[in-house]
Structures are given as C-alpha cells and as structure tokens.
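One letter stands for each residue in the lines below.
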Amino acid sequence: MSDEFHLLERALNKAEEYGADFAEVRFEEENRLYIRFEREEIKSLDVGSDVGIGIVVYYKGARGYSYTSKLDENSIDEMVRDAIKVAKAASSLIKEKIEPIEYKPEEYKGFIPTIKKHPKDVDLSEKIEIAKIGIKHALDRGVASFVTYYGERWGRKVFLNSEGLKREWNPIIVGLVYYAVVRRNGNVGRSYENVSASRGLELFDERSPESISEKAVKGAFDNLEGKVTKSGEYPLVANPDFAGLIAHESFGHLTEGDYVATKSSILYGRLGEKLGSDEASILESGDPVNYGYWVPYDDEGVATKTVYLVEKGYLKNYLHSRFTAKMMNMTPTGNARAINYRFPPIVRMRNTYFGPGDMTKEEVFEVVKRGVYAEGSMGGQTNDIGVFTFGANRAYWIEDGEIKYPLKAVTVRGNILDFLKNIIGASKEVYVRTSIRGGCGKAMQAPLPVGLGGPYLAVKKALISVGG
Amino acid sequence: MSLEIVAEEIVKKGEAKGFDEIEVYLVRERSSLIQIIESLVTAKTGKELGVGIRASIGKKVGFISVSTLDLKRIDSILEHLKSIVLSRPEDKDFNGFADPKSAKHLGGLIDESISDPPLDEIAKEIKVSFETIRKLDYVVKVEYHITLADMEVVIANSRNLLTKDRMTYAIAFSEIKGKNETLAMDYHASRNLEIEKLIGVLNKSAETVKEFLDAKKLTEPFEGAAVIANKEVPNFFQNFIDYNFSALNIQENRSKFVGKLNEKVAEDRVTILDNPENPNALLSLKYDGEGVPTYKKALIENGVLKTYLYDVYSARREGKESTGNGVRMNYKSQPTPSPLSVEILPTSNKNASELVSELDKGVFIKGFIMGSHMSDVINGVFSLTSLESYYVENGELKYPIKSVTITGNFFDLLNNIIEIGNDTEITFGGVYPSILVKGLKFI
C-alpha cells in the first residue's frame with residue numbers, strides 16, 4: 001500500500017475519532033509544464049508540481065474543509081482537527097443539518113484513454129521540437145506574429161471516504177495552441193487553433209503540428225480578407241466548438257445543482273418542460289468522447305455518467321454533487337469537482353456538448369442554405385438569465401448551402417432558450433474538445449479543464465453582427 | 001525545522017548539484033475562508049508550504065516550483081531543474097541574483113489573531129447580519145466571503161542572502177442582488193482582523209441595493225467631471241501604473257513612459273508613491289520577491305516622473321541597483337518589476353462627498369466597477385462599467401444611475417486631476433484617496 005493510502009486512512013480514522021459523521025479525503029499530485037513561444041523563441045517555461053491532501057468532514061450537521069501540502073502524520077492530524085474546527089464554525093450559519101445523499105458505488109463505464117507517449121517519458125527537447133514544427137510552417141507562410149503554447153498537466157488522484165469507497169485514477173491533458181496574426185496593406189487578421197486532449201503526445205501524430213498551425217494561419221488570412229455585411233438576423237451553422245461554447249457557458253451553468261438549489265437559476269422547477277426544438281439535445285459527460293477531458297470519477301468518488309441535460313428539447317436533468325443532490329432529493333451525477341486539493345468540490349461541468357442529429361455535415365449547410373457559418377470562439381459573455389454574446393474565431397458566408405467567402409469579426413447574440421427553439425438540424429458526427437489553455441472558472445476555482453463540443457448545428461435564425 | 005534552515009539546505013544542495021547560482025523562495029501560508037451563498041455554506045482552512053527555485057549555469061537560467069517540501073524529493077526536483085536550465089538559451093543580460101542587504105524599515109503590521117482566527121465568533125457575527133439582510137423584502141440573493149491569511153516568506157540564495165518576512169491580512173467581500181435587477185458589491189481589506197468592518201460590507205451592499213431600486217438610465221451621454229470614490233480609484237490607475245513603470249517594459253520599449261524620466265507626465269499637484277513602508281498597506285513587506293530591501297519612493301512627484309521600477313535583472317541590465325520591486329504573485333511565479341503599494345498623496349483635506357459638492361455636472365463613481373482587466377495598458381484606454389454611480393448636478397446627487405459606462409485615457413487622466421481628497425482607503429494594490437477628475441465620457 002502506498003504512503004498516500006496510509007495517510008488518507010489515517011485522516012479518516014482521525015475524523016471518526018473526532019466525531020465526524022462522514023468524511024472524504026483526497027490525495028492529489030499534478031505536474032505541469034507550459035512553454036510559451038513568440039515566433040521561435042521560448043519566452044517562458046513554467047514547470048511545477050503540486051501535491052497535497054484535502055479532507056471534507058460532516059460534523060454535527062455542518063461541513064468543513066481543510067488541506068495541507070505537508071504530507072506527514074502530524075500535518076494530517078492537524079488538518080483533520082482544522083476541518084472539524086471550521087465545520088463547528090459553519091454550524092452556526094446553517095439552517096438545516098446537511099449530509100451527502102446516499103450513493104451506491106458503481107464503476108465508470110466510459111472510454112478510458114490509453115496513453116502511448118506519456119509526457120513524463122518524453123524529453124523537454126522533444127516537446128519543444130513538436131511545437132517548432134508548426135512554428136516553422138507558420139513563419140514560412142509569412143505571419144506577422146505567432147505565439148505558441150505547449151502545455152501538459154498530469155498526475156494522480158486517490159480518493160477514500162468513510163463508507164469504504166476507494167478510487168484512484170491518473171488525470172492527463174496535453175495540448176498545443178497556435179495564435180497567428182497576419183498583416184497586409186494595413187489590414188490585420190487573427191485566428192488561433194487549439195488541439196488538446198486527455199491523451200499522450202501521440203495526439204500530435206494524429207493531429208500534426210503543421211496541420212494545426214495551418215488552420216490558425218489560414219484562419220488569420222481569411223479574417224484579414226473577411227468581408228463585412230449588414231448586421232441582423234441570419235440563419236446560422238455553428239461548428240462543434242462554437243456550439244460547445246454555447247452549451248457550456250449559456251446553458252450548462254444554469255443546470256448546476258448549487259445554482260438550482262439556491263433558486264438562482266432560471267431553470268429552477270422546470271424539469272420536464274420543453275425548452276427547445278426536437279433537434280435540441282445537450283449532454284454532459286465525464287467521457288472525453290474524442291478530444292474532451294477525461295473525468296472517470298468526480299471528487300466525491302462518484303463514477304461519472306453521461307447525462308442528458310436536454311433531450312429532444314425537454315429539460316431532463318440538473319448537475320449534482322452528493323451534497324446538492326441531497327438538497328434537492330435527486331441523484332448525484334458525478335459533477336462534484338475541485339480544481340485542486342486546496343478546495344472542496346463544488347458542482348462543475350465536465351464535457352458539455354450538443355447531441356448528434358441524423359444529418360451529414362453537408363446536409364446541415366444545405367438546410368441553412370444562406371447565412372453565416374461560425375467556427376470556434378473568440379471570447380464573449382453570458383449572464384445568469386441566458387443572454388449571450390460570443391465572438392467567432394473564424395466565420396464565413398454560406399450561399400446555396402456552401403461556404404462562399406470569409407466574414408470579418410462575427411459576433412452571435414441571443415438568448416439560450418430562443419437558440420434552443422431555433423435548432424433545425426444537427427450532424428451525426430460530434431467533436432468534443434478540451435483546452436490546455438483556460439478552462440472554466442467558478443468560485444475562485446479556475447481554470448478547471450472541461451470539454452466543449454457538439455455536432456455541426458443548423459440554426460433557423462440568430463442575431464449576428466459582422467465587422468465588429 | 002525552521003524555514004530558514006530548509007531554504008539554506010536547498011541552496012547548499014543546489015550548489016553541490018553544479019548550479020553556479022541558486023535562489024530559493026519559500027512561502028508558508030495558513031488561510032481560512034468562510035463563504036455563504038444563500039443557504040450554501042463553505043468553511044475551509046489549510047496550510048501550504050510552497051517553494052520556487054531559480055538557478056543558473058553560466059548565462060542559462062531556469063525556474064521550477066513545487067507545492068510541498070519533502071526534503072527527500074529535493075534531489076530529484078533539483079535534477080529536473082538542471083535539465084530545464086540546460087535547455088534554456090543563454091541570456092546575456094543575466095548577471096546573477098540579489099546581494100544581501102539589510103532591511104530599511106520594519107515591515108507591515110502583523111495581527112497574531114489571524115494565524116488562529118476566532119472562526120466561531122466570526123461565523124456568529126456573519127449570521128446576525130446575513131439573516132437580517134436576507135429578510136429585507138427587496139433583497140433577492142446574498143453572497144459573502146471572508147478570507148484570513150498569515151504568510152511567511154523566506155528567501156535564500158547562493159550569495160549568502162537570507163531574508164524573512166511575514167504578513168497577515170483579512171479580506172471580506174459581499175454581493176447582494178436586489179429587486180429591479182439591482183446588484184451591489186463591497187469589500188474590506190486590512191492587515192488586521194477588523195471584524196466589525198469586515199462584516200459591515202454586508203450592510204453597506206444592502207443599503208446600496210435599496211438606493212438603486214429606482215435607479216435611472218442617464219438621459220444622454222456626456223463628457224464631464226467625476227468624483228471617483230477611494231476604493232474605485234485603483235480601477236482607473238493600478239493596471240496602468242503596474243505596467244508602464246516596469247523597467248522591463250521600458251527596456252523592451254513597450255511602455256508609454258519610455259524616455260519620460262524627469263519629464264512632466266501629470267498635473268503639478270499629482271504625487272504618486274510606491275510606499276511599502278506604510279505598515280497598514282495590505283501587502284507591505286520588508287523585502288521584495290528576490291530578498292532586496294523595499295523602500296518608499298516617488299513614482300511621480302509634482303507631476304514629474306521620478307523613477308522606473310527595477311528588479312535585479314532589469315537593474316543590472318543598465319548597471320543600476322534594484323529598487324526593491326521584484327514582485328512575485330506567489331511561489332509559482334518569477335519576480336517581475338511592479339509597484340508594491342501605490343499611494344496618491346492628498347491635495348486637500350476633503351472626503352468624497354465634499355469633493356462631490358464641488359462638481360457642477362458629472363458623476364460620482366461610487367462602486368461596482370467591471371472591465372478594468374480589459375483596459376489597454378499600453379495606450380491607456382479604459383472602458384469601465386459601474387453599477388453604483390450617481391448623476392451629480394450643482395454639487396448634489398440627483399439620482400442613482402442604472403449602469404453607466406465610463407471611458408477615458410489614463411495618460412490624459414493624470415493631467416486632468418483637479419483635486420485629491422485625504423479619505424484614504426486600503427485596497428488590494430495600495431492606499432488610495434477619492435479624487436476629482438475631468439475629461440471622462442459617460443454613456
């Protein structure tokens with residue numbers, strides 16, 4: 001048995017000794033490497049490792065959390081005492097006794113990544129070379145500026161709780177992101193391309209750095225040449241990345257159990273209601289699907305499952321931890337996640353994506369006939385009543401069901417509930433993508449790796465502005 | 001084992017590994033948080049011991065950080081660092097780490113009660129305020145966080161430098177959503193545990209929500225003057241000062257202040273300091289993130305730019321001494337030149353409402369500002385949205401404005417300061433008074 005198991009079991013025993021009703025304890029180790037290049041020059045190299053243990057205790061109806069990065073028996077004992085102490089303090093703030101809902105352990109049944117070239121077995125110089133292949137390609141193509149991020153985060157998680165549940169898994173994400181800027185006749189064009197996944201470096205055998213770089217460079221030239229057209233309501237094709245952003249940002253957050261249980265979400269009390277068209281489905285899963293982020297268990301040890309948030313237009317589920325599930329008397333969905341051992345788990349998304357339809361990609365464009373095609377995201381915002389504004393990384397004009405020419409700076413605005421009603425078709429193929437840069441932020445816990453995606457979505461109409 | 005011994009031990013091991021120079025930055029932090037969002041309560045506390053190590057071989061420099069200090073692992077960490085150092089290109093401007101020097105002041109205020117805070121008592125106080133406010137008929141949602149932290153920093157390097165520093169701080173934050181789409185926010189930050197003020201932000205936010213229930217939109221956009229309340233002044237200053245005074249950004253020719261040393265950049269009445277010697281400032285320390293003693297200095301004195309801010313690297317590049325401004329965000333980051341604690345000196349003995357009484361037509365920017373992180377720090381352009389501002393006419397508050405966007409330029413603002421109050425408030429980046437300025441646009 002490893003040292004970590006010994007320390008975790010000690011923590012659970014101590015918690016029981018101090019009178020905790022229930023406790024769960026996590027060991028986490030994460031190693032990270034980030035390299036940032038400007039053209040071919042390495043501008044920063046961030047290497048670090050983060051190791052620690054955290055404990056949740058339920059004590060006399062209240063919940064307390066404590067952690068330590070010092071892994072010896074004394075520090076563990078002190079951590080448990082501290083958790084009990086803060087639970088006591090919290091008990092004066094709670095109205096009703098709280099506890100996690102009952103959970104009958106199940107196994108994770110989704111896809112398990114096989115890592116062929118684990119980053120820990122690959123030299124730093126080789127990683128630099130991989131990134132440089134795409135950089136060289138971009139410089140040959142005549143970019144004005146080119147910024148590259150290579151990143152990796154990998155490690156180990158061990159979970160135990162006082163009901164005897166044990167989990168152990170090895171999270172991993174690697175990725176490469178290229179940002180291109182091109183200039184011509186005083187005009188500037190920008191685009192980027194991200195390829196990240198819960199895989200090893202074999203990811204870049206399948207998706208070559210050159211091809212990733214080319215997408216960024218071509219996108220920047222397209223953006224430079226982009227035409228401007230009148231802003232207004234147009235039919236829309238959203239690519240998987242753009243659809244995924246909407247699924248996560250403007251809908252997913254509204255289904256998070258803590259928002260729902262505190263009645264902060266507009267979706268409170270609306271389970272079973274038809275919110276969208278028959279073609280609108282949104283799924284949430286710990287399964288990475290293809291290029292998503294792998295979460296086999298959440299940080300309460302619950303095996304993740306694929307959950308329909310929206311199925312054929314109907315609101316089907318909220319996302320829950322064992323804690324929020326208890327508040328609403330529902331089933332935990334494996335969405336309790338913490339960014340690291342310094343934080344208790346809260347309700348977070350994993351991979352959030354629109355569900356597939358029965359069309360080919362070509363048919364999606366044909367259905368839309370004439371309108372705008374939005375590819376990837378360039379930031380934006382959404383509020384707690386589902387009103388969103390998202391910029392597209394790249395955008396094109398569709399005529400006769402075909403892509404005709406690039407558009408400049410496209411922004412899509414709308415209300416998520418209208419958006420869901422306007423979905424008229426979706427492709428069979430679904431892509432989910434995570435990112436080594438950024439992620440989701442909530443309650444000071446950012447950036448948490450998540451996956452976003454979907455099929456190619458046909459949308460009857462959306463409010464679109466072109467040209468900024 | 002004391003932190004100093006650990007730090008020196010790592011330096012020794014590093015030297016034995018073959019590094020020419022090595023620097024160890026150790027942080028021990030103990031922090032507690034109580035957070036309440038409606039019926040959801042989170043209470044946590046924890047301890048962390050982190051280390052950031054920089055080392056060099058010849059002109060090659062590398063950095064690594066680890067969150068745990070198991071001396072058994074240190075060998076493999078240093079081995080990893082060595083491979084990082086060797087993979088780096090030579091940096092001709094690197095001339096080693098800091099030389100030892102003694103502190104120039106006593107450092108900031110330390111509140112021992114923060115290292116073992118009375119959480120029960122704090123929770124009970126929160127409960128009283130929280131429940132009173134939650135019962136108000138115009139309140140829709142209440143959120144409150146309080147963080148208490150005690151941090152010790154030890155720095156050692158192979159030039160026999162060894163420094164030790166400590167700080168304590170408490171930060172409370174409240175956000176209340178009210179009817180009619182009102183939203184109010186407030187915070188309090190201090191080196192010591194001022195429980196009454198830390199809990200008081202809840203009441204202040206509730207009062208703001210009530211005042212803004214019948215807020216109105218501005219009838220038309222206009223250009224004019226404003227009083228910016230002390231706590232909100234950093235939104236208009238901090239990012240721009242942080243970026244443009246950095247000697248590194250001057251050397252790389254990406255600061256607006258290139259070539260402006262001893263030149264006039266602001267109104268005569270404007271004096272801005274970097275003052276880590278103020279014991280009440282939130283982040284005052286005796287030494288910067290490289291172990292160089294910190295001290296008080298004028299950035300702008302009577303409108304004239306007096307100095308850029310240097311860390312050891314940027315200073316040696318010019319054959320100068322570091323100004324003690326090698327700032328680290330945390331042990332995971334490397335030092336970079338930045339102010340430690342900004343202070344704007346008063347030109348009057350007025351507070352915000354007295355400054356407002358001098359305003360013919362304009363806006364009193366009282367709180368809840370969003371968008372400062374989107375500012376264009378190089379060109380000085382900002383576009384901020386405030387949810388807590390008032391329309392002012394003839395020196396009187398006429399009505400609360402339902403969301404106003406304020407646009408302007410930092411470099412113009414320096415020349416548009418009319419009067420500076422003396423109602424200083426401790427903020428995250430320094431100690432700021434309320435100010436009266438002209439030349440802003442309100443939409």
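Below, the structure is looked at part by part. (Residues numbered from 1 in each chain as written. Chains lettered and ligands numbered in written order. Predicted model: local features only at pLDDT ≥ 70, side-chain atom pairs only at ≥ 80, totals over all residues. Heavy atoms only, no water.)

Moving on, we come to the pattern of salt bridges. By the definition in use, this model includes 69 salt bridges over all chains. Arg32(A) is paired through a salt bridge with Asp46(A); the nearest N and O atoms lie 3.1 Å apart. Note that Arg32(A) is positioned in strand β1 (residues 22-38) and Asp46(A) in strand β2 (residues 41-59), a separation of 14 residues in sequence. Exposure remark for Asp46(A): the relative accessible area of 23% places this residue in the partly exposed category. In this structure, the salt-bridge partner of Lys17(B) is Asp75(B), at a minimum N-O distance of 3.6 Å. With Lys17(B) in helix α1 (residues 3-17) and Asp75(B) in helix α2 (residues 74-87), the pair connects residues that are 58 residues apart, well separated along the chain. Taken together, the shared-partner salt bridges in this structure form one network comprising Glu193(A), Asp241(A), Glu375(A), Arg394(A) and Arg433(A). (Salt bridge = Lys/Arg side-chain N within 4 Å of Asp/Glu carboxyl O. Helix = DSSP H or I, 4+ residues; strand = E, 2+ residues; numbered from the N terminus. Buried < 20%, exposed > 50% of the residue type's maximum accessible area, 1.4 Å probe, protein only.)

With 44 residues of chain B at the contact, the number on the chain A side is 40 residues. Interface area, chain B with chain A, both sides summed: about 3700 Å², of which 53% is carbon and sulfur. When the buried surface of chain B facing chain A is broken down by residue, Leu40(B), Lys44(B) and Lys47(B) rank first, second and third, together holding 16% of it. Applying the counting criterion to the chain B and chain A interface returns 7 salt bridges. Residues Lys47(B) and Glu78(A) are paired through a salt bridge, measuring 2.9 Å at the closest nitrogen-oxygen approach. The interface formed by chain B and chain A includes 28 residue pairs in polar contact (both at pLDDT 80 or more). At the level of elements, β1 (21-37), β2 (40-57), β3 (60-66), α2, α3 (119-134) and β4 (139-157) of chain B are the ones that each hand at least two residues to the side of chain B that touches chain A. Considered class by class, the residues forming the side of chain B that touches chain A number 16 nonpolar, 13 polar and 15 charged. (Contact = heavy atoms within 4.5 Å. Buried area = accessible area lost by both parts, 1.4 Å probe. Polar contact = N/O pair within 3.5 Å; in protein donor to acceptor, adjacent residues only side chain to side chain. Nonpolar A, V, L, I, M, F, W, Y, C, P; charged D, E, K, R; others polar.)

This paragraph deals with the sheet that holds strand β11 (residues 314-315) of chain A. Residue and element names in this part refer to chain A. Taken together, 6 strands build an open sheet; the order of strands is β11-β10-β9-β14-β23-β20 and the sheet is mixed. The open sheet terminates on both sides in strands that have one partner only, identified here as β11 and β20 (431-434). Two elements, strand β10 (residues 307-311) and β11, share 2 bridges in a ladder whose sense is antiparallel. In the strand pairing of β11, Glu 311 is matched with Tyr 314. (Pairing = 2+ DSSP bridges.)

This paragraph deals with the sheet that holds strand β20 (residues 430-432) of chain B. Sheet strands pair by backbone hydrogen bonding; their relative direction is either parallel or antiparallel. Residues and elements named next belong to chain B. The 6 strands are arranged β10-β9-β8-β13-β20-β19 in an open sheet whose pairing can be described as mixed. The sheet terminates laterally at β10 (304-305) and β19 (425-426), the two strands that pair on one side only. Direction of pairing for strand β13 (residues 342-344) relative to β20: parallel, over a ladder of 2 bridges. Within β20, the residue paired with Val 342 across the bridge is Gly 430. Where helix α5 (residues 233-244) meets the sheet, it contacts β8 (272-274), β9 (297-301), β13 and β20, and its direction lies at approximately 140° from that of β20. (Axes fitted to C-alpha atoms, helices over the stretch in contact; angles between N-to-C directions.)

Our next topic: a negative patch on the surface. Residue and element names in this part refer to chain A. Side chains of Glu 279, Asp 358, Glu 362, Glu 363, Glu 366 and Glu 429 sit close together on the surface and give a patch of like negative charge. Mapping Glu 363 onto the fold places it in helix α9 (residues 361-368). Taking relative accessible area as the criterion, Glu 363 reaches 35% and is therefore assigned partly exposed. (Patch = residues over 30% accessible without salt bridge, like charges linked within 9 Å, V, L, I, M, F, W, Y side chains within 5 Å. Areas by Shrake-Rupley, 256 points an atom, 1.4 Å probe, with all protein chains shown as cover. Lys, Arg positive; Asp, Glu negative; His and termini not counted. Charge placed at Lys NZ, Arg CZ, Asp CG, Glu CD.)

The next thing to look at is the environment of Tyr432(B). All names here are of chain B. With respect to the helices, strands and loops of the structure, Tyr 432 is situated in strand β20. Of the residues examined, Tyr 432 reaches a relative accessible area of 0% and is grouped as buried. Considering only alpha carbons, one finds Tyr 432 and Ser 31, 401 residues apart in sequence, at a separation of 26 Å. Discounting residues that sit within four places of it in the chain, Tyr 432 has contacts with Asn 230, Val 233, Pro 234, Phe 237, Gln 238, Val 342, Ile 344, Asp 423, Thr 424, Glu 425 and Thr 427. Within polar-contact distance, the side chain of Tyr 432 engages the side chain of Gln 238 at 2.9 Å.

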